[in-house]
Amino acid sequence: MIKHIMVPYDKSESATHAFEYAIDMAVKYSANISIVTCVSIQTPTEPYFGTAYIEATRLLKEDAIKSTQSLESRLKESKIQYKIDVLEVTSIIDSLTSYAESHNVDLIIMGSRGFGGFKRLLLGSVASGVSQHSKCPVLIVK
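Residues numbered from 1 in each chain as written. Predicted model: local features only at pLDDT ≥ 70, side-chain atom pairs only at ≥ 80, totals over all residues. Heavy atoms only, no water.

(A) Up close: the packing of helix α4 (residues 92-102) against helix α5 (residues 125-133). The interhelical angle for the contact between α4 and α5, taken along N-to-C directions, is 40°, at an axis separation of 9 Å. Between α4 and α5, the angle is such that the two are oblique. Between α4 and α5 lies a crossing of right-handed hand. Here I92, I93, L96 and T97 of α4 lie close against α5, whose contacting residues are S125, V126, G129, V130 and H133. Of the residues belonging to the contact of α4 with α5, the class tally is five nonpolar, four polar and no charged. (Axes fitted to C-alpha atoms, helices over the stretch in contact; angles between N-to-C directions. Helix = DSSP H or I, 4+ residues; strand = E, 2+ residues; numbered from the N terminus. Parallel < 35°, antiparallel > 145°, perpendicular 65-115°, else oblique. Left-handed = near helix turned anticlockwise from the far one by under 90°. Contact = heavy atoms within 4.5 Å. Nonpolar A, V, L, I, M, F, W, Y, C, P; charged D, E, K, R; others polar.)

(B) Representation of the pattern of salt bridges in the model. Counting across every chain of the model gives seven salt bridges. Here R74 makes a salt bridge to E20, at a shortest N to O gap of 2.8 Å. Taken as a pair, R74 in helix α3 (residues 69-77) and E20 in helix α1 (residues 13-29) lie far apart in primary sequence, 54 residues in all. With relative accessibility at 26%, the residue R74 sits in the partly exposed group. The exposure class assigned to E20 is partly exposed, which follows from its relative accessible area of 28%. In this structure, the salt-bridge partner of R58 is E55, at a minimum N-O distance of 2.5 Å. Taken together, the positions of R58 and E55, both in helix α2 (residues 50-67) and three residues apart, correspond to about one turn of that helix. Here the residues in one salt-bridge network are E55, R58 and E62, joined through shared partners. (Salt bridge = Lys/Arg side-chain N within 4 Å of Asp/Glu carboxyl O. Buried < 20%, exposed > 50% of the residue type's maximum accessible area, 1.4 Å probe, protein only.)

(C) Fine view of the sheet that holds strand β2 (residues 32-40). Taken in spatial order, the five strands make up an open sheet running β3-β2-β1-β4-β5, and their pairing is parallel. In the strand order of this sheet, the two ends are held by β3 (82-89) and β5 (138-141), each with one partner. Ignoring strand direction, the axes of neighbouring strands in this sheet form an average angle of 20°. Examined bridge by bridge, strand β1 (residues 4-8) and strand β4 (residues 107-111) share two bridges and lie parallel to one another. (Pairing = 2+ DSSP bridges.)

(D) Expanded view of the side chain of T97. For T97, the location among the structural elements is in helix α4. The exposure class assigned to T97 is buried, which follows from its relative accessible area of 13%. From its side chain, T97 meets the backbone oxygen of I93 in a polar contact 3.0 Å long. In this structure the side chain of T97 is engaged in a polar contact, spanning 3.2 Å, whose partner is the backbone oxygen of D94. (Polar contact = N/O pair within 3.5 Å; in protein donor to acceptor, adjacent residues only side chain to side chain.)

(E) How the structure looks around the environment of I80. Among the structural elements, I80 can be located in the loop between α3 and β3. Sequence-wise, I80 and V27 are 53 residues apart; in three dimensions their C-alpha atoms are separated by 7.2 Å. Those residues in contact with I80 that sit more than four places away from it in its chain are I23, A26, V27, A31, I33 and L75.

Okay, here's the thing in structure tokens:
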């Protein structure tokens, strides 16, 4: 039974398309949706980067929150129970799979390619990693 759907979101066209699939599935199964956006952080190596690092992380989180506002209005229109989380992560794949497990996600619906750096030819590295390491089913949307 599908009661909780997770949608990793990175503003890409592929992630937006996956979100639309998640809306359809949530309506069909009366499921909740968790939108999860990851802000990839690196620990600063020099002490004088501390303030700039904190400010950069804050700006990335603000941008992530703003990027989900249109999704939030769509979820409200569809009368779907939802949650939006912005995670500060060092490993996107590990963070997404851990989130799914700790939040009892029944299905992950994600785009095949996002805004990562180097993209694999057929399947994005994050989508590939999540599908290989997740304990729940993963629907990858092109």
